[in-house]
Amino acid sequence: MTAPASAPHLAQARRIVIKIGSALLVDSANASLRLEWLQSVCADIADLRARGAEVIVVSSGAISLARHRLGLTSRRLRLDEKQAMASVGQIGLAQGWSAALAAHDLVAAQLLLTPDDTESRERHLNARATLQTLLDLGCVPVINENDAIATGEIRFGDNDRLGARVAQMTGADCLVLLSDIDGLYTADPRQDPSARHIPIVEQMTDEIMAMGGEPPPGYSSGGMRTKLLAARIATRAGANMVIAAGQEHHPLHRLQNSGLCTWFIAQTDAGSARKRWIRGSLQPKGILTIDAGARRALEEGASLLPAGVTGLEGSFVRGDLVLIRDADESIIGHGLIAYDSEESQKLIGHRSGEMEQLLGYRGRDALIHRDDLALDLP
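Residues numbered from 1 in each chain as written. Predicted model: local features only at pLDDT ≥ 70, side-chain atom pairs only at ≥ 80, totals over all residues. Heavy atoms only, no water.

**Q** Let's hear about the layout of surface pockets: which residues, and what values?
**A** Taken as a whole, the second largest pocket holds about 970 Å³ of empty space. Lining the second largest pocket we find 39 residues, and of these Q132, R364, H369, D371 and D372 sit closest to its centre. Looking at the lining of the second largest pocket, the element that brings in the most residues is helix α6 (residues 121-136), giving eight residues. Here the residues of the lining of the second largest pocket sort into 14 nonpolar, 10 polar and 15 charged. (1 Å grid on protein atoms, 1.4 Å probe; cavity = no way out; pocket = protein on both sides within 12 Å on 5 of 7 lines; lining within 4 Å. Points joined across faces, edges and corners; volume = space filled by probe spheres on them. Helix = DSSP H or I, 4+ residues; strand = E, 2+ residues; numbered from the N terminus. Nonpolar A, V, L, I, M, F, W, Y, C, P; charged D, E, K, R; others polar.)

Below is the structure:
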């Protein structure tokens, strides 16, 4: 395994998903959040935001927080008890994040997701649109699995993979897994003193996956195995991933200042992965014809606004793939449409400021956002 010239750096990332486990957040001795530690993490997040990065948090801790508070630590919980614990603990977890971020003039937003929210196309699009809007408004989304309504054994399987799915969904270019270990080793260093730390992983090979072993005993559903599964999801989606120790205060600051960690290298950049998926993975459901001005705007990196669309063909729903055709009837791009065909027909040729009056509600200003657009231009 040949390492690249240099590992990625957190300062290079524009959109970062940070996953934090319950063992880091909850002090089992007094059944409460580790508030000083949480405040230090939020100070680090404020620093990342100040230099222009967008930050999404995936936070465990609700079940752990509640079971300590309610005295249910001595036995394995039934599913209905886990659901009840999640309902109790999520309140305190959200309050803790909200207060710690507010100290830095940052607004927290809570989202609870299930696997269906990332697998169902319509719900995936709804969740992604909500997250994008929250980021546009300057919020810090704080996400946890919606354990309270789970219909099977509560494991996404775990928040490591939930973090990877969120990174995939939002087109993040970096996923940070804060853990009780400072990266990947050739064997468990707690059991094998000869285990070697691996600073960079370029490919998720079978050999690398075998280093994950089995999850440790206890309340956490994580372990190195789930982190490697998360790495496989994230790197395929175009995101770099890093595993770093999180127990000490200011763990993100430590990571930025050459703290020991393991980087997993993205197989391609997030933009390229998404553009290739848009360009080649779906069957187009319609065609939008645009004028010369709209074509120039797209060439300059803009989104496709309804004013520049002169015609529409096909029947489609929100999120479907459509082709973009210029005035010479040449196909110049593919995109994921933000409105269904009936709504789009009402909007084409009109300015964005008229959209609310035409539809009866306020939606996105663009028919196709530039992040959902892949151009085929010379």
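**Q** Report on the sheet that holds strand β6 (residues 140-145), specifying residues and quantitative values.
**A** Taking strand neighbours across the sheet as the criterion, the eight strands line up as β5-β6-β4-β1-β7-β11-β12-β10 in an open arrangement whose pairing is mixed. At either end of the open sheet lies a strand with only one pairing partner, and these are β5 (108-113) and β10 (200-201). (Pairing = 2+ DSSP bridges.)

**Q** An account of the nonpolar core is requested, with residue identities and associated values reported.
**A** Ranked by size, the top nonpolar core spans 41 residues in total, and within it I143, L184, M241 and F264 carry the most contacts. It is helix α9 (residues 224-236) that provides the largest number of residues to this core, a total of seven residues. If we ignore the near neighbours within four places in the chain, the residues touching F264 are L184, V201, M204, L228, A231, T235, A239, N240, M241 and I243. Core analysis: the next-biggest nonpolar cluster, separate from the first, contains 39 residues, L10, I16, L33 and V140 among them. (Core = buried A, V, L, I, M, F, W, Y, C linked by side-chain atoms within 4.5 Å. Buried < 20%, exposed > 50% of the residue type's maximum accessible area, 1.4 Å probe, protein only. Contact = heavy atoms within 4.5 Å.)

**Q** Can you tell me about the pattern of salt bridges, naming the residues and giving the values?
**A** Pairs can form between side chains of opposite charge once their charged atoms are near each other. In total, this model carries 10 salt bridges according to the counting rule given. The partner of R14 in a salt bridge is D173, and the shortest N-O contact between them spans 3.9 Å. Of the two residues, R14 is situated in the segment before β1 (15-20) and D173 in the loop between α7 (159-170) and β7 (174-179); the sequence distance between them amounts to 159 residues. Residue D160 is joined to K19 by a salt bridge in which the shortest nitrogen-to-oxygen separation is 3.1 Å. Placement of D160 in helix α7 and of K19 in strand β1 is noted, with a sequence separation of 141 residues between them. The network of salt bridges with shared partners includes K19, D160 and K227. (Salt bridge = Lys/Arg side-chain N within 4 Å of Asp/Glu carboxyl O.)

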